[in-house]
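Results of the structural survey
Take a look at the letters that make up each chain.
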Amino acid sequence: MSLEAWSATGGELFRVPVPVSVMDDGGVKETNLGNHEQIAKLECRRLPIDGFNATTYKISTGEGDSLKTMRVLLYRRPAEGVASKKEPDYNRLEASIVEGELTPGFNVINQVVIWNSEDLVESSQPDLCNIEDLRAGDHGLCGLTAVMREVSPTGSAEYIPYPGVVRLPDNLASAEQAFGKLPEITILEKLGPGKGTASIGKDENGQETLLFRSQGEENNHKLKVVKYDEETGEAEVVDELVFPKSSWSQWKMGTAAGLFWLDEKRAILPIHGINNEQTLPNGEGPYNYSLGVALIEKDDNGHLQVVKVADKPLIVPSQLDSLGIDQRFPGFRSIVYSCGAWLDEKKDKNAEDLMLNLLVNVGDKATVLVKTPWPEVISSLISPEENLLANAA
């Protein structure tokens with residue numbers, strides 16, 4: 001299957017029609033992905049922001065006749081220098097308010113630092129040392145990973161990730177108003193250590209539902225389902241999603257975004273997978289990331305279960321080599337990772353030209369907007385015959 005690769009300089013889009021390949025000074029060099037051949041065509045464009053692990057949601061500005069809908073980009077900007085592979089990458093979070101959608105040459109109204117790890121000395125959460133992997137939804141509740149510094153009896157520091165959430169503002173007085181500081185986050189320490197918190201919306205009883213992966217090898221292919229009471233800050237694990245290993249997630253998997261419901265019973269969940277080739281001492285990498293999808297179903301009692309993980313990933317790092325983005329830790333991690341996804345705004349969600357949009361972190365250095373046809377994503381999990389039968393039921 002051919003790949004339609006797109007890349008950009010300063011937000012300007014240009015097309016590089018290639019097979020699955022890498023562009024170098026010698027022209028086109030084909031790359032054999034083997035089992036990692038992609039399941040859908042891709043359109044890729046590097047966003048002109050100096051950050052990675054970006055997420056996005058919509059926000060209202062103004063009122064009355066001046067009411068507008070803007071898109072907010074939230075992303076991490078790393079500290080200067082190369083971070084340790086073992087310690088948190090101290091950084092700051094920035095917000096850019098964008099007029100309209102993330103089309104080529106989009107207009108940034110304003111850009112502001114909303115959180116800085118250097119300010120934690122005066123924080124009301126003194127053990128918090130970093131915030132990672134914000135995953136926002138258009139309903140405003142944002143999942144995240146809170147990295148806590150815990151000191152052992154011997155005096156050495158350990159850095160432990162915990163699931164967390166924050167309620168993002170849903171409106172601003174005007175488009176020119178700065179986003180402001182990130183509201184204080186809620187750290188869900190009672191759930192135990194874990195990463196990759198994603199909000200999947202409210203259940204039929206109006207309660208917020210979260211997904212996250214607990215720490216520990218026994219949880220490498222499981223996501224906890226959590227009911228969260230925003231008024232009290234209480235959270236409880238109520239279920240567990242167990243994912244089969246695929247060729248692209250042999251070692252570990254995790255969240256990439258929230259659920260995209262196809263109907264009342266079925267949803268597609270973007271996920272990331274990691275393979276560890278165990279070639280370095282103590283099994284420490286190299287870690288090869290991929291992005292893909294899984295099919296989730298809800299039974300008559302409201303419980304979620306995994307039906308299938310796509311045989312092939314949507315995105316692997318080598319597909320984006322033509323963008324010229326270096327990996328931050330070459331030979332240790334080869335990263336494509338996502339914290340934000342949405343569907344094109346169309347009244348007909350069955351339209352053949354409907355696209356899934358993914359904000360992809362490449363190499364812990366840059367953000368690439370990847371668009372892929374939604375019908376092809378669906379067909380990687382559900383055959384047309386199955387889809388027709390389900391829709392007729």
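In what follows, the accompanying structure is described. Here the structure is a predicted model, which means the values were calculated and not measured. (Residues numbered from 1 in each chain as written. Predicted model: local features only at pLDDT ≥ 70, side-chain atom pairs only at ≥ 80, totals over all residues. Heavy atoms only, no water.)

1. Some words on the packing of aromatic side chains
- Under the counting rule described, the total for this entry stands at four aromatic pairs.
- Aromatic pair Y287 and F332: ring centres 5.5 Å apart, planes at 85°, arrangement edge-to-face. Of the two residues, Y287 sits in strand 22 (residues 287-298) while F332 sits in the loop between strand 23 (304-309) and strand 24 (333-334), which places them 45 residues apart along the sequence. Comparing Y287 with F332, the two get one shared label, buried.
- Among the aromatic residues, those joined into a cluster by ring pairs are W251, Y287 and F332.
- Over the ring of W342 we find R71; its NZ or CZ atom is 4.6 Å from the centre of that ring.
- The cationic tip of K298 hangs over the ring face of W261; the distance from NZ or CZ to the ring centre is 5.1 Å. (Phe/Tyr/Trp six-rings, centres within 6.5 Å; stacked < 30°, edge-to-face > 60°. Helix = DSSP H or I, 4+ residues; strand = E, 2+ residues; numbered from the N terminus. Buried < 20%, exposed > 50% of the residue type's maximum accessible area, 1.4 Å probe, protein only. Lys NZ or Arg CZ within 6 Å of the ring centre and 35° of its normal.)

2. Digging into the sheet that holds strand 18 (residues 234-242)
- Ordered by their spatial adjacency, four strands build an open sheet running 15-16-17-18, and the pairing between neighbours is antiparallel. Where the open sheet ends on each side, the last strands, each with one partner, are strand 15 (194-202) and strand 18. Neighbour-to-neighbour, the strand axes of this sheet turn through a mean angle of 30°, independent of strand direction.
- Alignment of strand 17 (residues 222-229) against strand 18, held across eight bridges, turns out to be antiparallel. Paired with L223 across the bridge in strand 18 is L241. (Pairing = 2+ DSSP bridges. Axes fitted to C-alpha atoms, helices over the stretch in contact; angles between N-to-C directions.)

3. Quick word on the pairing of strand 11 (residues 141-151)
- Burial within strand 11 is extensive, with eight of its eleven residues counted as buried.
- As paired strands, strand 10 (residues 128-136) and strand 11 are joined by six bridges and run antiparallel to one another. In the strand pairing of strand 11, E132 is matched with T145.
- Count of turn residues in the strand 10/strand 11 antiparallel hairpin: four residues, of which G140 carries a positive phi of about 95°.
- In this structure, strand 11 lies alongside strand 12 (residues 157-167), joined through eleven bridges in antiparallel fashion.

4. Focus on the side chain of S338
- Mapped onto the secondary structure, S338 falls in strand 25 (residues 336-343).
- With a relative accessible area of 1%, S338 lands in the buried category.
- In this structure, S338 is in contact with R135, T255, A256, L291, L358 and L359, ignoring residues within four places of it in sequence. (Contact = heavy atoms within 4.5 Å.)

By themselves, these are just geometric observations and shouldn't be taken as functional.
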